[in-house]
Amino acid sequence: MTEALVEIDDLKVHFPIKSGLLFDRTVGYVYAVDGVSLTIKRGETYGLVGESGCGKSTLGRGLLRLVEPTSGGITFDGTDVRALKGEQMRQFRRRMQMVFQDPMSSLDPRQSVESLLVEGLKAHGLGASAGERLRSTLDSVGLPASALTKYPHEFSGGQRQRIGIARALVLGPDLIVADEPVSALDVSIQAQVVNLLGDLQDQLGLTYLVIAHDLAVIRHISDTIGVMYLGALVEEAEAGQLYERPLHPYTRALLSAVPIPDPQVEDRRERMLLAGDLPSPANPPSGCRFRTRCPWSQPRCAEERPALRVFDDSGQRVACHFAEEILSGSLLPHEVRPELVRPDADTAAGVEAELIPTRNDIPTP
Ligand SMILES: Nc1ncnc2c1ncn2[C@@H]1O[C@H](COP(=O)(O)OP(=O)(O)OP(=O)(O)O)[C@@H](O)[C@H]1O
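Residue indices follow the written sequence of each chain, beginning from 1 at its first position. Only residues with pLDDT of 70 or above have their local features reported here, since the model is predicted, and side-chain atom pairs are shown and tallied only from 80 upward, although totals for entire chains, interfaces and linings are computed over all residues.

### Concerning the sheet that holds strand E5 (residues 79–80)
To be explicit about the condition: For two strands to pair, DSSP has to find at least two bridges joining them. Labels follow the DSSP assignment, with helices taken as runs of H or I lasting at least four residues and strands as runs of E lasting at least two, numbered in each case from the N terminus. Each residue gets a C-beta atom placed from its backbone, and two residues are in contact if those atoms lie within 7 Å. Angular values range over 0 to 180 degrees, each being the angle between N-to-C directions of two axes fitted as lines to C-alpha atoms, with helices fitted over their stretch in contact.
Pairing is antiparallel across the open sheet formed by four strands, whose spatial order is E2-E1-E4-E5. What marks the edges here is a single partner per strand, and that holds for strand E2 (25–41) and E5. Across two bridges, the pairing between strand E4 (residues 71–76) and E5 is antiparallel. Bridge pairing links Thr75 to Asp80 in E5. On the sheet, helix H1 (residues 56–63) packs against strand E1 (4–19), E2 and E4 and is oriented at approximately 115 degrees with respect to E1.

So, in structure tokens, the structure goes:
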């Protein structure tokens with residue numbers, strides 16, 4: 001499981017902000033994805049996590065070129081994806097499929113399951129061999145062949161997501177980008193769909209990029225986890241390592257929101273809520289983008305954007321100037337001053353006043 005299937009190199013997806021009566025003037029950009037480099041190994045599940053609006057979906061869509069990247073490289077199984085033109089790209093896309101969050105809005109309600117599944121096959125010239133392929137694909141997602149003549153509204157949410165997965169699978173992809181695949185489902189159903197994804201991966205040797213806004217969902221299924229904040233990766237590690245030793249303050253905040261089902265560990269759990277909203281990706285803070293919400297931020301953080309660097313032999317990567325000091329406890333979080341929280345302030349002087357007022361203990365690395 002060491003060979004790279006996907007290599008993303010300094011990928012940027014910037015959306016122009018238009019203004020004027022005819023929308024012909026570009027007045028700025030939304031820096032939705034702003035320099036992400038990562039590798040997804042063949043057969044692994046790469047979990048991408050971060051709060052809503054940090055650019056996860058745009059990264060997934062940029063990888064499949066469903067939105068055109070502004071710059072950067074994408075290599076898929078040795079092929080330079082960004083160099084592929086029209087028809088070549090369309091054919092290639094068969095190998096990279098997407099499963100969406102809300103199956104109700106991603107499945108056309110007027111189409112039967114058969115027609116939904118055949119659509120993709122026809123587009124790739126595989127319509128002739130459809131019959132058996134459709135039945136075996138439905139079987140692999142746990143639905144009977146009789147589902148073929150039904151329509152999306154005749155199914156439960158979980159079954160609809162199985163149809164969404166079948167639609168991706170029927171083309172025989174190598175990679176599935178699953179964007180919040182279970183967040184629209186009841187908690188009781190989520191585990192079934194997560195297990196199904198795991199079984200399919202074992203049977204078919206699939207590689208997954210799973211996008212989620214909280215760590216609870218992806219902690220059990222991911223081999224590697226990348227934590228994204230405001231268009232960039234702030235940390236990446238093997239999943240167990242990330243839980244064992246989160247290095248970036250943002251990862252610590254995300255992890256502290258995940259309850260632990262052991263009362264003793266739960267009592268000791270570090271709690272750290274994030275104050276303020278995600279700053280606008282059209283006007284990100286200078287330097288470290290997390291500094292306006294970081295309890296450990298220092299003047300240097302406003303001046304210099306930290307690179308995602310390898311932390312030690314574990315391969316864990318972190319984008320924080322002070323990861324060592326925070327881990328060792330030699331740098332302590334700022335004092336809490338909730339009345340001064342100004343999450344949108346963007347100056348070094350404002351940093352101390354914007355800090356997060358929510359820790360109830362000193363970090364225990
Ligand atoms: N087509 C677009 N045009 C302009 N801005 C966009 C477009 N698509 C996304 N954005 C903006 O890019 C930023 C990142 O959005 P994205 O959907 O990738 O985030 P996300 O982390 O996946 O969030 P969510 O979980 O809510 O989908 C947001 O500020 C969003 O408004």
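On we go.
### Re the pairing of strand E3 (residues 45–49)
The two faces of the sheet receive side chains in turn, since in a regular strand these alternate between them. Heads up, the condition is: Three exposure classes are used. Buried residues have 20 or more other C-beta atoms within 10 Å of their own C-beta, exposed residues have 12 or fewer, and partly exposed residues fall in between, all C-beta atoms being placed from the backbone.
Most of E3 sits inside the fold, with five of its five residues counted as buried. Side chains Thr45, Gly47 and Val49 of E3 all project onto a buried face; the interleaved residues Tyr46 and Leu48 project onto the opposite face, where all are buried too. Here E3 pairs with strand E8 (residues 207–212) via five bridges, running parallel. Bridge pairing in E8 links Gly47 to Val210. Taken together, the four bridges between E3 and strand E9 (residues 224–229) define a ladder with parallel strand orientation. Residue pairing in the sheet places Gly47 in a bridge with Ile225 of E9.

### Describing the domain arrangement of the protein
For the record, the criterion: Either an automatic procedure or a domain database provided the assignment from which the domain bounds are taken. Three categories are distinguished: nonpolar for Ala, Val, Leu, Ile, Met, Phe, Trp, Tyr, Cys and Pro, charged for Asp, Glu, Lys and Arg, and polar for the others, with Gly belonging to the last.
The domain boundaries assigned to the protein delineate domain 1 (4–222) and domain 2 (229–354). Taken residue by residue, the interface counts 22 residues in domain 1 and 16 residues in domain 2. Contributions of two or more residues to the side of domain 1 that touches domain 2 are made by E2 and helix H8 (215–218). With ten residues, E2 is the largest single contributor of residues to the side of domain 1 that touches domain 2. Split by residue class, the side of domain 1 that touches domain 2 holds twelve nonpolar, six polar and four charged.

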